[in-house]
Amino acid sequence: MAVVSMDRQYLVARPLCSDDSISGQYGKLYRHHKGLLHHFKEYFLICDSQRVKNAALSLLPVIGWMKIYRFREWLFNDIVSGISTGLVAVLQGLAFSLLARLPPGYGLYTAFFPAMVYFFLGTSRHLSVGPFPVLSMMIGDVVLRLADNAPVNITGFEELTLEERRVVVASSVTFLMGIFQLSLGLLRVGFIVIYLSDTLVSGFTTAAAVHILVSQLKFVLGLNVDSKNGILSIFRSLEEIFRNISQTNLVDLAISIVIMVMVFIVKELNDMFKSKLPVPIPIEIIMTVITCGVSYGFNFTTRYNVTVIGDIYEAPFAPNVEVMQQSVVDGFITAIVGFAVAFSVAKVYAVKHDYTINGNQELIAFGVSNIFGASFRSFAASTALSRTAVQESTGGKTQIASLISAMIAMIVIVGIGFLLEPLPRSVLGALVIVNLKGMLMQFREICYLWRKDKVDLVIWVVTCASAIILGLDVGLGVGLGVELLTVVFRTQFPLCSVLANITGTDIYRDRKDYLCINEPKGVKIFRIPAPIFFANIDFFRDKLVKAVGFNPLRILRKRNRALRKIRKMVKSGELQKYLKTGYADAREDEGDIEDLDQPVDFSDLPFWVNWNGELPSNIYVPPVPIHSLVLDFSAVSFIDISALNGLKTLLREFIRVDVEIYIASCDAYVFEKLHNCKFFDDEITTSMFYPTIHDAVLHTLEEHPTSKHTIHSPAYTAHIWTISCKTSLFLCC
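Bear in mind the structure is a predicted one, so any value in this text is a computation, not a measurement.

A. Fine view of the overall build of the protein chain. The number of helices and strands found in the protein chain is 29 helices and 14 strands. Within the span of the protein chain, comprising 733 residues, buried residues form 49% of the whole. Of the contacts formed within the protein chain by residues at least 6 apart in sequence, a portion of 79% connects residues at least 24 apart. In the structure as shown, the protein chain presents an accessible area of about 36200 Å², 61% of it carried by carbon and sulfur atoms.

B. Broad picture of the pairing of strand β8 (residues 523-527). Of all five residues that make up β8, four are buried, and the element is covered over most of its length. Bridge count between β8 and strand β10 (residues 628-632): five bridges; the pairing is parallel. Each residue of the ladder has a partner; that of V523, found in β10, is S628.

C. Up close: the packing of helix α11 (residues 250-272) against helix α12 (residues 283-298). Running from N to C, α11 and α12 point in directions that differ by 155 degrees, and their axes come no closer than 9 Å. One way to sum up the angle between α11 and α12 is to call them roughly antiparallel. Relative to α12, the crossing made by α11 is right-handed. Contacts between α11 and α12 involve I255, V258, I259, M262, V263, V266 and K267 from the first element and I283, E284, M287 and T291 from the second. In terms of residue class, the contact of α11 with α12 is built from eight nonpolar, one polar and two charged.

D. Representation of unusual backbone geometry. Phi angles above zero are rare outside glycine, and R101 is one such case at about 60 degrees. Relative accessible area serves as the criterion here: at 12%, R101 is assigned to the buried category. Non-glycine residue K678 carries a positive phi angle of around 55 degrees. Tracing the backbone shows K678 in the loop between α28 (668-676) and β12 (689-690). Accessibility expressed as a relative area gives 66% for K678, which makes it exposed.

E. Quick peek at the environment of L269. Turning to its location among the elements, L269 is positioned in helix α11. When the C-alpha positions of L269 and P280 are compared, they lie 9.1 Å apart, and in sequence the two are eleven residues distant.

F. How the structure looks around α12. End to end, α12 covers 22 Å across 16 residues, agreeing with the expected 22 Å (1.5 Å per residue, within 8%). Buried residues belonging to α12 abut α5 (71-99), α11, α13 (300-303) and α19 (425-434).

G. The arrangement of the packing of aromatic side chains in detail. Using the criterion set out here, one finds 26 aromatic pairs in the structure. With a centroid separation of 5.0 Å and 90 degrees between ring planes, the pair formed by F119 and F120 is classed as edge-to-face. With 5.4 Å between their ring centres and 80 degrees between their planes, F180 and F332 make a pair best called edge-to-face. Here the residue F180 occupies a position in helix α8 (residues 162-186), and F332 occupies one in helix α15 (residues 328-352), the gap between them amounting to 152 residues. Note on F180: relative accessible area 21%, which makes it partly exposed.

H. Just the nonpolar core, in detail. Residues V169 and V337 are the most contacted members of the largest nonpolar core, which totals 115 residues. If one sorts the elements of this core by residue count, α15 sits on top with 13 residues. Every residue in contact with V337, bar those within four places of it in the chain, is listed here: V134, L135, M138, F204 and L476. Residues I532, I626, L631 and F633 belong to the second largest nonpolar core, which totals 49 residues.

I. View of a nonpolar patch on the surface. Together, I257, V261, F264, I265, L269, M272 and F273 give the surface a local cluster of nonpolar side chains, amounting to about 640 Å² of exposed area. Following the sequence through the fold, F264 ends up in helix α11.

J. Main features of the environment of S402. Along the chain, the position of S402 falls in helix α18 (residues 400-416). Overall, S402 belongs to the buried group, its relative accessible area being 3%. Along the chain, S402 and A115 lie 287 residues apart, while their C-alpha atoms are 6.5 Å from each other. Those residues within four positions of S402 in sequence are excluded, and the remaining contacts are A115, L127, S128 and Q391. Within polar-contact distance, the side chain of S402 engages the backbone oxygen of L127 at 3.2 Å. A polar atom in the side chain of S402 sits 3.1 Å from the side chain of Q391.

K. Summary view of the pattern of salt bridges. In this structure the tally under the stated criterion is 18 salt bridges. With a closest N to O distance of 3.1 Å, E519 and R511 form a salt bridge. For E519, a relative accessible area of 33% translates into the label partly exposed. What makes R511 partly exposed here is its relative accessible area of 31%. We note a salt bridge from R652 to E683, for which the minimum N-O separation is 3.6 Å. Of this pair, R652 sits in helix α27 (residues 641-655) while E683 sits in the loop between α28 and β12, and the two are 31 residues apart along the sequence. According to the relative accessible area criterion, E683 is partly exposed, its value standing at 25%. Through salt bridges with shared partners, a single ionic network connects K648, R652, R656, D681 and E683.

L. A look at the environment of I641. Mapped onto the elements, I641 comes out in helix α27. Separated by 32 residues in sequence, I641 and K673 have C-alpha atoms that sit 9.3 Å apart. Apart from the residues within four sequence positions on either side, I641 is in contact with K673 and C677.

M. Representation of the packing of helix α9 (residues 198-221) against α19. At a minimum axis separation of 8 Å, α9 and α19 run at an interaxial angle of 155 degrees. Viewed along their axes, α9 and α19 adopt a mutual orientation that is roughly antiparallel. Where α9 crosses over α19, the two elements pack in a sense that is left-handed. Here I212, L213, Q216, F219 and V220 of α9 lie close against α19, whose contacting residues are R425, S426, G429, A430, V432 and I433. Taken together, the residues of the contact of α9 with α19 break down into seven nonpolar, three polar and one charged.

Thresholds applied
- One numbering rule holds for all chains: residues counted from 1, following each sequence as written.
- Whole-chain, interface and lining totals are the exception, using all residues; otherwise, since this is a predicted model, local features are given only for residues with pLDDT of at least 70 and side-chain atom pairs are given and counted only at 80 or more.
- For the side-chain quantities, the full set of heavy atoms in the structure was used; hydrogens and water were omitted.
- Think of it this way: any DSSP run of H or I at least four residues long counts as a helix, any run of E at least two long counts as a strand, and we number them from the N terminus.
- Each residue's exposure class comes from its accessible area (1.4 Å probe, protein chains only) as a fraction of the maximum for that residue type: buried when under 20%, exposed when over 50%, partly exposed otherwise.
- Between two residues, a contact is recorded if the distance between any of their heavy atoms is within 4.5 Å.
- Only the protein chains shown count as cover for residues, and all accessible areas are computed by the Shrake-Rupley method using a 1.4 Å probe.
- The pairing criterion for strands is at least two bridges between them, as found by DSSP.
- Think of each axis as a best-fit line through the C-alpha atoms, taken over the contacting stretch in the case of a helix, with angles from 0 to 180 degrees between the N-to-C directions.
- Any angle between 65 and 115 degrees counts as roughly perpendicular, while under 35 counts as roughly parallel, over 145 as roughly antiparallel, and the rest as oblique.
- Put simply, a crossing is left-handed when the front helix is turned counterclockwise from the back one by less than a right angle, and right-handed when it is turned clockwise.
- Gly falls in the polar group here, along with every residue not listed as nonpolar (Ala, Val, Leu, Ile, Met, Phe, Trp, Tyr, Cys, Pro) or charged (Asp, Glu, Lys, Arg).
- In this analysis, the expected span of each helix is defined as 1.5 Å times one less than the number of residues it contains.
- Centres within 6.5 Å are what make two rings of Phe, Tyr or Trp a pair, Trp counting through its six-membered ring; a difference in plane orientation under 30 degrees is then read as stacked, over 60 as edge-to-face, and the rest as tilted.
- In this description, a nonpolar core means a group of buried Ala, Val, Leu, Ile, Met, Phe, Trp, Tyr and Cys residues linked to one another through side-chain atoms lying within 4.5 Å.
- Only residues above 30% relative accessible area that lack a salt bridge enter a patch, with like-charged residues linked at up to 9 Å and the nonpolar side chains Val, Leu, Ile, Met, Phe, Trp and Tyr linked at up to 5 Å.
- Between Lys or Arg on one side and Asp or Glu on the other, a salt bridge is scored when a side-chain nitrogen of the former is within 4 Å of a carboxyl oxygen of the latter.
- Contacts described as polar in this section are N or O atom pairs within 3.5 Å, which, within protein, must combine one atom able to donate a hydrogen with one able to accept it, while residues neighboring in sequence count only if both atoms come from side chains.

Rendered as structure tokens:
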């Protein structure tokens, strides 16, 4: 092959190739692909020192980044970031525990134990592990269903108080969540998160933010109302709140409004001047300290009947197996959502700071973190976007910042937690609502998706609406179902097109998109931009028939019927005087419909028929306007058995009406699948496969020189002898 480079041009001189000629000339290798059993043996049964070392580094990523840790450059930044993040984690732990319907102290345990484990097992250097509002809300729904609303029919619940039952349910679901995550990580199926697209996660978290907002209204208003769960729970909760709105505690309401306004304003200032501020102003901490002092000084609990968080220390409870059995689905959904959110956030910071993360190891890290945490009072842990942003923006370089953050939570638990006992719960509710700003602002994506992608808009709206109306668990299932349906529809009904040559090039594009194009006469180039499988093989057939302008099976049957009439005419002597030799042995074939689908057989006749010529007046067969059909398989990534049989039948029908079939740019694995499934026979051969569309088109021009237009092909001549019979045209033997 000769290649000549020119200014923004290239010229390639090579012989016209088919896949067969390339395989023969360049020595194609037929490789043996490793099977599932081989991979299993290689992964589990082969062991050497290098594999042990790699396994240790994989299971304990802390070893890898600690070896390159720059103590002089990074340690101070990690300390500052850890302290800042720890203060935020303490408040978020207290606040998010209310979403899980647990005493506030359990949120501090969630900020401590999972972060300690993730320090050793996690691959992200910037993720702040701890409570996440959406997961807390999902845990709260299970707590409400199994601890509050359900009858006491679980072993061990008889002697427990309501609060203790809630803790057992939360820890049990978290333990089960960790088991699922650990199992998925060990099975190396971290790819499962790809089924939760960014659009779906956005719609789901937005709906969760609405649920969280409604759930915190009772704390902001100081109301003592029952929580609701299940279908339409958000509307029933609003109904309960408005029914008791007259009982609002004005002190709680005033505190909440002041907290929300002050925190919102300072957070906006932090965003405006983040390039000038060494660390963001810790407005949540400031307002919490002030409110604690005021509440203690003015004795809000006694004088104004304000509910405070009370005792921070809480006793641990072991997970309950019966609770796990009744919450398997909840545990799995929580595991997937928690990992999906954490992994998406981790990817953002990994790209920003140029390092890699391992999805399977992240599953293992979160699984062990939640199992360990559930054994020590904590509930479901993932990451909060705002907390991770604080850790990264304040200079955090590694998980040492998370370790220090966890230490801050531990100090509050065992040392100074009693100072937070006078804190009103309305303050925590107000902080939760303010921190929902980012998730609630995702409603703006509706306008963006409307302009960019209507299908993604449907996914977002359906997921969000169903999660709001039907509940988070059912809503996520509905959203995932709609998302998968869109993928099925996009592959089942792809945008097929007829291609044409862009004049003067070897490039082929949709003929509807360009003006300067060339379509060789009698050649049709068809492209299907999707895999071919059982669900779209009929669609593929319909689109191809529409593109070529005729149904090959219908033409084939008409030709066989016409041939029967011609045999009768020969037998009756009507055509004998036009033939060179006498003929009286034509068989009269009255076969059934299956015979009409067989190739046209001229073996018992001394001639064959030019079906595109003129036929006797009592015989009509629609002409076939093309002699060659080129199928562009460049986007066909796989083909299943059902589609393979349908494709073979379709190609035979075209071949039997004298249309030459060429398949261009077929993937090697698809070609191998065709070989293995005995796709090729006397009619369908490997010689019809070509490496490019242009190779296939040039070959058709060699075979049919009258089709030439502006595409060059070698000169070609032939002599065809014909005779006429009345109005029919026959080609002599």
